[in-house]
Amino acid sequence: MNHPELDMSAVIERLETLRVELTEESQSSSGARDTVMLDQTAVGRLSRMDALQGQAMAKAEEERRQLALRRITGALARIEKGGYGECIECGEWISKKRLEWDPLVLKCIDCAD
């Protein structure tokens with residue numbers, strides 16, 4: 001049984017919307033993760049360093065997006081199985097406010113410490 005205090009259709013809609021947003025962000029930022037050209041005649045040393053730093057930041061952001069997408073898939077699977085909103089540590093219900101703040105949370109506040 002999913003969390004009794006939540007409207008599951010609203011939760012699913014929020015998760016699907018978040019999935020679409022993350023996928024679009026991932027697609028639109030793919031150029032920032034491309035290989036940085038090391039042609040010294042085209043750009044100066046500091047510009048290359050800036051480009052490499054920007055590329056590293058874009059790759060890290062993409063990793064965070066992919067993690068969030070995996071967590072969304074997991075949350076939707078828990079909804080389908082009827083276990084959404086249960087703490088994975090203690091099995092108690094996660095508070096409604098906590099789930100409304102972050103629908104991807106897996107643990108109640110006590111177990112999250």
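Residues numbered from 1 in each chain as written. Predicted model: local features only at pLDDT ≥ 70, side-chain atom pairs only at ≥ 80, totals over all residues. Heavy atoms only, no water.

*Asks:* Help me get a handle on the side chain of Ser26, residues and values and all.
*Replies:* Along the chain, Ser26 falls in helix 1 (residues 8-28). In terms of polar contacts, Ser26 uses its side chain to reach the side chain of Glu62, at 2.6 Å. (Helix = DSSP H or I, 4+ residues; strand = E, 2+ residues; numbered from the N terminus. Polar contact = N/O pair within 3.5 Å; in protein donor to acceptor, adjacent residues only side chain to side chain.)

*Asks:* Can you break down the confidence of the model for the protein residue by residue, with the values?
*Replies:* Atomic detail in the predicted coordinates should be set aside for any region of low pLDDT. Scored by pLDDT, the protein comes out at a mean of 88, with 86% of its residues at no less than 70. Mean pLDDT across the elements of the protein bottoms out in helix 2 (residues 45-81) (89) and peaks in helix 3 (residues 96-101) (96). (pLDDT = per-residue confidence, 0-100.)

*Asks:* Got a sec to walk through the pattern of salt bridges? Specific residues and values, please.
*Replies:* Using the criterion set out here, one finds eight salt bridges in the structure. With a closest N to O distance of 3.8 Å, Arg19 and Glu16 form a salt bridge. Of this pair, Arg19 and Glu16 both sit in helix 1, three residues apart, which is roughly one turn of the helix. In this structure Arg19 comes out as partly exposed when scored by relative accessible area, which is 27%. Exposure remark for Glu16: the relative accessible area of 35% places this residue in the partly exposed category. One salt bridge connects Glu89 with Lys107, and the closest N-O pair in it is separated by 3.6 Å. Separated by 18 residues along the polypeptide, Glu89 in the loop between helix 2 and helix 3 and Lys107 in the loop between helix 3 and helix 4 (109-112) bring together distant segments of the chain. Accessibility expressed as a relative area gives 52% for Glu89, which makes it exposed. A single network of salt bridges, built from pairs that share partners, joins Glu25, Glu61, Glu62, Arg64 and Arg65. (Salt bridge = Lys/Arg side-chain N within 4 Å of Asp/Glu carboxyl O. Buried < 20%, exposed > 50% of the residue type's maximum accessible area, 1.4 Å probe, protein only.)

*Asks:* Please set out the state of the cysteines residue by residue, giving values where relevant.
*Replies:* With the rule as written, the count across this model stands at zero disulfides. Here Cys90 stays free of any disulfide, with the sulfur of Cys87 as its closest cysteine sulfur at 3.7 Å. Among the cysteines around Cys108, which has no disulfide bond, Cys111 carries the closest sulfur, lying 3.6 Å off. (Disulfide = S-S within 2.5 Å.)

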